[in-house]
Amino acid sequence: MKRTISLLGSTGSIGRQTLEVARQLGLPVAALAAKNSVDLLEQQAREFLPELVVLYEMDAAMELAQRLSGLPIRVAYGMEGLLEAASMDEADTVVIAVVGMVGLRPTLAAAGKGKRVALANKETLVCAGDLVMERARRGRAEIVPMDSEHSAIFQCLQGCKDKDEVKRLWLTCSGGPFFGKTFAQLEHVTREEALRHPNWTMGAKITVDSATLMNKGLEVIEAMHLFSLPLEQVSVVIHRQSIIHSLVEFRDGALLAQMGAPDMRMPIRYALTYPGRAPSPEKPLDLLSCPSLTFAPPDTEAFPCLGLAMEAVRTGGTACAILNGANEAAVERFLAGEIGFNDIPRQVEGALNSVEVKWNPDLADILEADREARCVVKRL
Ligand code: MG
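A few points on the structure. (Residues numbered from 1 in each chain as written. Predicted model: local features only at pLDDT ≥ 70, side-chain atom pairs only at ≥ 80, totals over all residues. Heavy atoms only, no water.)

Thoughts on the sheet that holds strand β10 (residues 244-250)
Read across the sheet, four strands follow the order β9-β8-β10-β11 without closing on themselves; strand pairing throughout is mixed. Each having just a single partner strand, β9 (234-238) and β11 (255-259) make up the two edges of the open sheet. Each strand of the sheet is rotated relative to its neighbour by a mean of 20°, with strand direction disregarded. Of the pairings in the sheet, the one linking β10 to β11 comprises five bridges and is antiparallel in character. Across the sheet, Leu247 pairs through a bridge with Ala257, a residue of β11. Against the sheet, helix α7 (residues 148-156) engages β8 (166-173), β10 and β11, with an angle of about 40° to β10. Packing against the sheet, helix α11 (residues 214-226) makes contact with β8 and β9, and its axis sits at approximately 150° to β8. (Pairing = 2+ DSSP bridges. Helix = DSSP H or I, 4+ residues; strand = E, 2+ residues; numbered from the N terminus. Axes fitted to C-alpha atoms, helices over the stretch in contact; angles between N-to-C directions. Contact = heavy atoms within 4.5 Å.)

Dropping the structure here:
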């Protein structure tokens, strides 16, 4: 079956690679949405001729509408535009590749409409995993992960009918650019050093998250929701080569791993073709020239963000939304040169200690927790 996609976050790293895969698979595109990149979105719109394009920022959308006048393409803006792109009838598959909490309401909308939601945005599951998964159950939507680790686990679980057979999930973690350093050594690392990831080419926010290991903390929470498993059944192992993308350990001792070259187009393609597999033009992993595979435990003293994420899970309620909001704000400040690298965990911890946690949160409580956490970080 050829899927028609609506792509939110089309100008970012995952979005551009999704279009590359869509072009190769010949998938029709019903909608494209981005934040404010007028030039690139115009170019994408002219190539894929979607019915709808959305720019989150109004002025940018106005400019784009002018440039696309004459083409049968509607231009919308703001959250309303994103929600329309996420729920339009013309698309059966909605790719959520926007970064951060802005993806939450569109994800809920797509899930409520029974779409296949190809989810590259982990923040939504971290903040509101219960709401998203519940909305998907009720809307009979499929949530298919595009995050490489979760795609690996999703693939390893194909054919597993009984969740009780799963002993635990192993999320692999490259360790980032600062593997082996102590907390004290990390005090003065620069923005440029943090943005140099050893194996993956990604956007700035997730690259910094990979350097602090917050990315792996968020991914643990993401995995708990996607595969409905408790924290005790989700483990992290450092695997510097990023060849094994993650593993499932079964109760009989069998470990299934998904391997491949570190290339996001593989999980993207799988999310768009699942349960089938399409041919890929990319060079596959060559086992004979592949480096030795190594494994090590994560260092939670040097990288406190991983521990903070676990702590937020144990607290429950809105704690994960506070963790995520504080982290987004702190990473923004780090990228702007306002705070140091180790201030990221400090400010996240500050927010976790000062924002009040609400239990059984609804969407409004989650958005409020996110807002308060960001305010705390801005004040610190
Ligand atoms: Mg990942």
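Overview of the coordination of the magnesium ion
Protein coordination at the magnesium ion: the donors are Asp147 (OD), Glu149 (OE) and Glu219 (OE), at 2.0 to 2.1 Å from the metal. In terms of primary sequence, the donors binding the magnesium ion are separated according to D-x1-E-x69-E. On the criterion of sequence distance, the pair formed by Asp147 in the loop between β7 (142-145) and α7 and Glu219 in helix α11 is long-range, its members being 72 residues apart. Under the relative-accessibility criterion, Glu219 is labelled buried at 1%. (Donors = N, O, S within 2.8 Å, 3.2 Å for Na, K, Ca; no water. Buried < 20%, exposed > 50% of the residue type's maximum accessible area, 1.4 Å probe, protein only.)

Overview of the side chain of Arg333
Structurally, Arg333 can be placed in helix α14 (residues 319-335). In this structure Arg333 comes out as buried when scored by relative accessible area, which is 15%. There is a polar contact of 2.8 Å between the side chain of Arg333 and the side chain of Glu338. Setting aside anything within four residues of it in sequence, one finds Arg333 in contact with Glu338, Ile339, Gln347, Val377, Lys378 and Leu380. (Polar contact = N/O pair within 3.5 Å; in protein donor to acceptor, adjacent residues only side chain to side chain.)

Concerning the packing of helix α6 (residues 122-139) against α14
Contact geometry for α6 and α14: axes closest at 7 Å, N-to-C directions at 145°. Facing Glu123, Val126 and Cys127 of α6, the residues of α14 in contact are Cys320, Ala321, Asn324 and Glu328. The class makeup of the residues in the contact of α6 with α14 is four nonpolar, one polar and two charged. (Nonpolar A, V, L, I, M, F, W, Y, C, P; charged D, E, K, R; others polar.)

Let's talk about the packing of aromatic side chains
Within this structure, the stated rule accounts for five aromatic pairs. Summarising the aromatic geometry, the rings of Phe154 and Tyr274 are spaced 4.9 Å apart at their centres and angled 65° between planes, so their arrangement reads as edge-to-face. You can see Phe154 sitting in helix α7 and its partner Tyr274 sitting in the loop between α12 (265-273) and α13 (304-315), a full 120 residues away along the chain. Per residue, the accessibility class of Phe154 equals that of Tyr274, and both read buried. (Phe/Tyr/Trp six-rings, centres within 6.5 Å; stacked < 30°, edge-to-face > 60°.)

Some remarks on unusual backbone geometry
Glycine aside, residues mostly have negative phi angles, and peptide bonds mostly take the trans form. Cis peptide bonds are those with omega within 30 degrees of zero, and the linkage from Tyr274 to Pro275 qualifies with 5°. In this structure, Pro275 sits in the loop between α12 and α13. Here the phi dihedral of Arg140 falls at roughly 55°; this positive angle occurs in a residue that is not glycine. Position of Arg140 among the secondary structure elements: in the loop between α6 and β7. For Arg140, a relative accessible area of 75% puts it in the exposed group. Notably, Ser242 is not glycine yet its phi reads approximately 50°, a positive angle.

All quantities given are derived from atomic positions and should not be read as evidence of function.
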